[in-house]
Every structure is written in C-alpha cells, then in structure tokens.
Amino acid sequence: MFKTATVIWINVNLATMDQTIDGGYGALRNQAIGICDDRIIAIAPMQDFVAPLGEVTIIDAKDRWLTPGFIDAHTHLVYAGHRADEFEQRLQGVSYTQIAKLGGGILSTVKATRRATLEELVTQSQPRLSALMAEGVTCVEIKSGYGLNIDDELKMLRAAKILDANNPVRVTTTLLAAHSVPPEYKNNPDQYIDLVCEQLIPLAVDESLVDAVDVFCEQIAFSPAQCERVFEAAQKHGLAIKGHMEQLSNQQGSQLAARYHALSVDHLEWLDEAGVQAISSSNTVATLLPSAFYFLRETKLPPIELLRRYQVPIAVATDLNPGSAPLASIRLAMHMACTLFRLTPHESLAGVTCHAAKALGLSASIGQLKVGMKADMLLWNIESPAQLSYQFGMHELLQKVFDGRISDVG
Ligand code: DI6
Ligand code: FE
C-alpha cells in the first residue's frame, strides 16, 4: 500500500472530512497516511502499518491532527487601495448602501483599481494572499469586479493568474463583472450587461482567465433579469455559475441561480424557505460570509436552521474585500461562523474543506483526506479539531502541504 510513497506521516489523527465516515470530522485516529508526489496514496491504522523499504521520508506526527488544506471559496483579494475613510463614515452612522448610492463603496475601489498597473495590483494583493496562506489556505477563489470595463476586468483576472503562478496555493478565478454598474453606464446598465455577455465573457474564456462567473443581484447592483442574462452567457461558454445573493434584501436571486445549477450562492442573510428549497434541489452550496455580516454590523442572520433541515452543504469563506470584509483570516471566519451564526465547529471546518471544494466544483480532488485526492494538508498541534474554530490567533499550525510540497511553519 505504502510501497510507492514519497512521504508518510505516522501516529497521526486524521480529520478526513469524509462525510461517509461516521462521527464528526470523519475522524480516523492513530493512522499512517502516505503521499506520492502530489497525491494521497494510502491511509491505514498504525497497527497495520509496515514501513516500506527504499527512499521515503517518515514524519512522526506524535498524535497530532492532520486536516485537509483550507479552501477560501469566496474572495475579492485582488484590488488596489483601501476604504478606511468609509469605515470612519460608517462608524458615524452612514450606511453601506448610502455610501454606495453616493458613488463611494465598490466604485471607489474601482477608481483605484483602474488606476493601478497590473504589477501594482499584484504587489498590493500579494500580502493578502500571503496572510491567508500563513493560516493554512491551500486553495483560494479570487474574483474580479473592480474593473468594470473590458481592460480592467481582464487585468484583475491576469493579476489573479500571476498570483497563482507565483505562489504554492491553488487559485481559481471568477469573473464578477456584474458587481456594480460602472459610472459610464449609469443610465444604461443593460448596455453594460450586453458588453459583459457579448465581449467580456468570450475574451476571458479565450485567454483561459476564468473558471466561473458571478453576479451581485441587489437593488444597488443588478436585477434578477440582468443577472439571468449573465448566467445564460456563462452557460453558453461552459463556465460555472455563482451569485452574491440575498445579502441586503431578498431578490430571489438564489432561486434564479438554482435554475442555472449554480455551484454556490453566497451571503444569504435574506434567503427565505423557497430559496433554501430551490438550492437544495439543485445541489447548490450555500456559502456563508460571517466577516461581512460582522463588519457591516448586520443583524439579520442567514437561515441556518432551514439550511440544515434541507441538508444544503454550507461553505464558510472570508469574502476578503476592501468594503465589507477587510479581514484576511480564514480562521477568524471559522470562529465567527460559530460565534455569530451558531455553526458547530464541525460545520465550520466542513465549510472551509469539503463543502468549500464543492462550492468551487473541485470536490473530486480537494477538501478531504482520501486516497486519490490531492495532497493539500495541514498538520496541527491540537488535541481536538474543534480547537480550530474555538480559538483564534494561537499559531497551532506545524506544517503545510501544498500539492505534496511540505513547508514547515517557523
Ligand atoms: N457584496 C459584498 O459584500 C462585497 N461585494 C458584494 O457584492 C463588497 C465589495 C465592496 O464593498 O468592495
Ligand atoms: Fe463577495
């Protein structure tokens, strides 16, 4: 079994996150797990383990826990500038929606992002990606959405691709051109949607810059009818579909996304039972973003009980962005998913592993510790996986494995 292994961890507890293994976390205690290059090739209880002959690195994990690498399935981490001034305004009582209506908000980051060169965008975004990787993120989704024209949307996606090439982390890219109506199309948003569907999506596909398409379905952004046009164009080009849905009001965007078999719908504070039912039937993941809820000081909770009742897989992500979630911490998002949304520590870990993989259409290769899966793994100095959600800022990470490559945490 372990014959061709290049590295084997012994005396290790596995939070496999395999939902078919009974008990929380798909836990297997006192195991050996072997990888060959970038794949997991063997898992066995220690009592059955025989060390193979030949050249292999054996790591004694000393009864610590190994989890799948964390997957941050919703970020806007490529952008220029910051919005600390708006933070101050909001603390004085001005709302996020008011700021957006006055031409600030997303559009203020659009101005800064358009001004930045590709290189500047990469340089400014790298520290945010590094912060996520430092906490154990081995796969991250990055959205465009601060360019809002052909050149600058493509520039954002190219920046995400450069970050992918420069870092060990796996990056997936999402075109969020329908994030906000650009100032040039203020009086004719439908014409902007034409541009997105007829020009931008085909160009992004031609340059292999994009895995999925996303929209912001909201009164301050795009109507369900406009979002549907973007979904049709995405589908025509074979791209996966995602949506910022029901964040500030109920537009029934989740039902629309479900009709297009979206991979995920995200935010969901205003989601109702019909919406939950629809996404449950379409096997769409509900991605919760507690950091945006926290930072905007929202009070309406997403319908967690309904999501559980309809057995909707729940992902948890940072939403890392300059306006509603300037928090580059997946561990804080996990912690907040428990403290603010009352997810269990098990649900929160599933939210950044197996369910996050599903939200990116990658559940066949990442998100679980299973033979055949990619070797994206984290070794933790903890006694129970619940500690990963319970405590925060404790530096328990010992080792990160990106696609089979080990980096010890100093
Ligand atoms: N909802 C959000 O919370 C982010 N985008 C979205 O559609 C916020 C983006 C920003 O304010 O810059
Ligand atoms: Fe977002």
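Residues numbered from 1 in each chain as written. Chains lettered and ligands numbered in written order. Predicted model: local features only at pLDDT ≥ 70, side-chain atom pairs only at ≥ 80, totals over all residues. Heavy atoms only, no water.

K.L.:
Whenever I open this one, the site of ligand 1 confuses me. Can you help?
P.N.:
Around ligand 1 sit 14 residues in total, of which Arg83, Tyr96, Tyr146, Gln247 and Ser324 are the nearest. At 2.6 Å from an oxygen atom of ligand 1 is found a side-chain nitrogen or oxygen belonging to tyrosine 146. Calculation on ligand 1 without its partners gives an accessible area of 320 Å², and the protein chains cover 100% of this total. For the shell around ligand 1, the per-class residue count stands at 4 nonpolar, 8 polar and 2 charged. (Near = heavy atom within 4 Å. Polar contact = N/O pair within 3.5 Å; in protein donor to acceptor, adjacent residues only side chain to side chain. Areas by Shrake-Rupley, 256 points an atom, 1.4 Å probe, with all protein chains shown as cover. Nonpolar A, V, L, I, M, F, W, Y, C, P; charged D, E, K, R; others polar.)

K.L.:
Mind showing me how you'd approach the coordination of the iron ion (ligand 2) here?
P.N.:
The protein atoms that coordinate the iron ion (ligand 2) are His74 (NE2), His76 (NE2), His244 (NE2) and Asp319 (OD), at distances of 2.1 to 2.2 Å. Of note is the iron ion (ligand 2), whose 4 donor atoms meet at the metal with angles of 82 to 169 degrees in an arrangement that counts as irregular. When the donors of the iron ion (ligand 2) are listed by position in the chain, the intervening gaps give H-x1-H-x167-H-x74-D. In this pair, histidine 74 sits in the loop between strand E5 (70-72) and helix H1 (84-91) while histidine 244 sits in strand E9 (residues 240-245), placing the two residues 170 residues apart along the sequence. Judged by relative accessible area, histidine 74 falls into the buried class, the value being 0%. Histidine 244 sits in the buried class, given a relative accessible area of 3%. (Donors = N, O, S within 2.8 Å, 3.2 Å for Na, K, Ca; no water. Tetrahedral: all angles 85-135°; square planar, octahedral: opposite > 155°, others 65-115°. Helix = DSSP H or I, 4+ residues; strand = E, 2+ residues; numbered from the N terminus. Buried < 20%, exposed > 50% of the residue type's maximum accessible area, 1.4 Å probe, protein only.)

K.L.:
What is the right way to read the sheet that holds strand E8 (residues 212-215) from this model?
P.N.:
Hydrogen bonds between backbone groups are what pair the strands of a sheet, and the pairing can be parallel or antiparallel. Taken together, 8 strands build an open sheet; the order of strands is E5-E6-E7-E8-E9-E10-E11-E12 and the sheet is parallel. Each end of this open sheet is capped by a strand with a single partner; those strands are E5 and strand E12 (314-316). Shown here is a sheet whose adjacent strand axes are inclined to one another by a mean of 25 degrees, direction ignored. Two strands pair when backbone bridges link them, and strand E11 (residues 285-288) and E12 are joined in this way by 3 bridges, in the parallel orientation. Across the sheet, residue threonine 287 finds its bridge partner in E12, namely alanine 315. Taken strand by strand, helix H12 (residues 330-339) contacts E5, strand E6 (137-143) and E12, and its axis lies near 85 degrees from that of E5. (Pairing = 2+ DSSP bridges. Axes fitted to C-alpha atoms, helices over the stretch in contact; angles between N-to-C directions. Contact = heavy atoms within 4.5 Å.)

K.L.:
I would appreciate a short explanation of the domain arrangement of the protein in the present structure.
P.N.:
One frequent convention defines the size of an interface as the accessible area lost when the parts assemble. Each assigned domain of the protein is listed with its residue range as follows: domain 1 (7-68 + 367-408) and domain 2 (70-359). Inter-centroid distance (C-alpha atoms) of domain 1 to domain 2 is 30 Å. Taken together, the contact between domain 1 and domain 2 spans 27 residues of the former and 26 residues of the latter. Buried surface at the junction of domain 1 and domain 2, summed over both partners, amounts to about 2,100 Å²; 63% is from carbon and sulfur atoms. When the buried surface of domain 1 facing domain 2 is broken down by residue, Ser389, Phe392 and Phe402 rank first, second and third, together holding 30% of it. For the pair domain 1 and domain 2, the interface holds 3 salt bridges. Notably, a salt bridge pairs arginine 170 with aspartate 403, separated by 2.9 Å at the nearest N-O pair. The interface formed by domain 1 and domain 2 contains 11 residue pairs in polar contact (both at pLDDT 80 or more). Counting only elements with at least two residues in the side of domain 1 that touches domain 2, the list comes to strand E4 (57-68), strand E13 (377-380), helix H15 (387-390) and strand E14 (397-402). (Domains from an automatic or database assignment. Buried area = accessible area lost by both parts, 1.4 Å probe. Salt bridge = Lys/Arg side-chain N within 4 Å of Asp/Glu carboxyl O.)

K.L.:
I would appreciate a short explanation of the sheet that holds E14 in the present structure.
P.N.:
Reading across from one edge, E3-E2-E1-E4-E13-E14-E15 is the order of the 7 strands in this open sheet, with mixed pairing throughout. Two strands in the sheet have a free side with no partner beyond their single neighbour: strand E3 (39-45) and strand E15 (405-408). Recorded for the sheet is a direction-independent mean angle of 35 degrees between the axes of neighbouring strands.

K.L.:
Can you walk me through the environment of cysteine 217 in this structure?
P.N.:
Here cysteine 217 lies in the loop between E8 and helix H7 (224-236). Using a relative accessible area of 0% as the deciding quantity, one classes cysteine 217 as buried. The sequence separation of cysteine 217 and serine 254 amounts to 37 residues, and the corresponding C-alpha distance is 9.2 Å. Other than its neighbours up to four places away in sequence, cysteine 217 contacts Phe222, Ser223, Pro224, Cys227, His244, Met245, Gln251 and Gly253.

K.L.:
What should I look at first to understand helix H5 (residues 150-166) in this one?
P.N.:
Every α-helical turn comprises 3.6 residues, leaving residues that sit three or four positions apart pointing alike. Taking 1.5 Å per residue, 17 residues should reach 24 Å; H5 reaches 24 Å between its end C-alpha atoms and fits that length. Contacts made by the buried residues of H5 are with helix H3 (106-115), helix H4 (118-134), E6, strand E7 (170-178) and helix H6 (189-206). Residue asparagine 149 occupies the N-cap position of H5, its side-chain oxygen lying 3.3 Å from the main-chain nitrogen of aspartate 151. (Expected span 1.5 Å × (residues − 1).)

K.L.:
It is not clear to me how the pattern of salt bridges should be interpreted in this structure. Could you clarify?
P.N.:
When charged atoms on two side chains of opposite charge get close, those side chains can pair. According to the stated counting rule, one finds 15 salt bridges in the structure shown. Put simply, aspartate 152 and lysine 155 hold a salt bridge, and the shortest N to O gap is 2.9 Å. In this pair, aspartate 152 and lysine 155 are both assigned in helix H5, 3 residues apart and thus about one turn of the helix distant. Take aspartate 152: its relative accessible area is 11%, and that puts it in the buried class. Judged by relative accessible area, lysine 155 falls into the buried class, the value being 9%. A salt bridge links arginine 259 to glutamate 228; its shortest N-O distance comes to 4.0 Å. Placement of arginine 259 in helix H8 (residues 253-259) and of glutamate 228 in helix H7 is noted, with a sequence separation of 31 residues between them.

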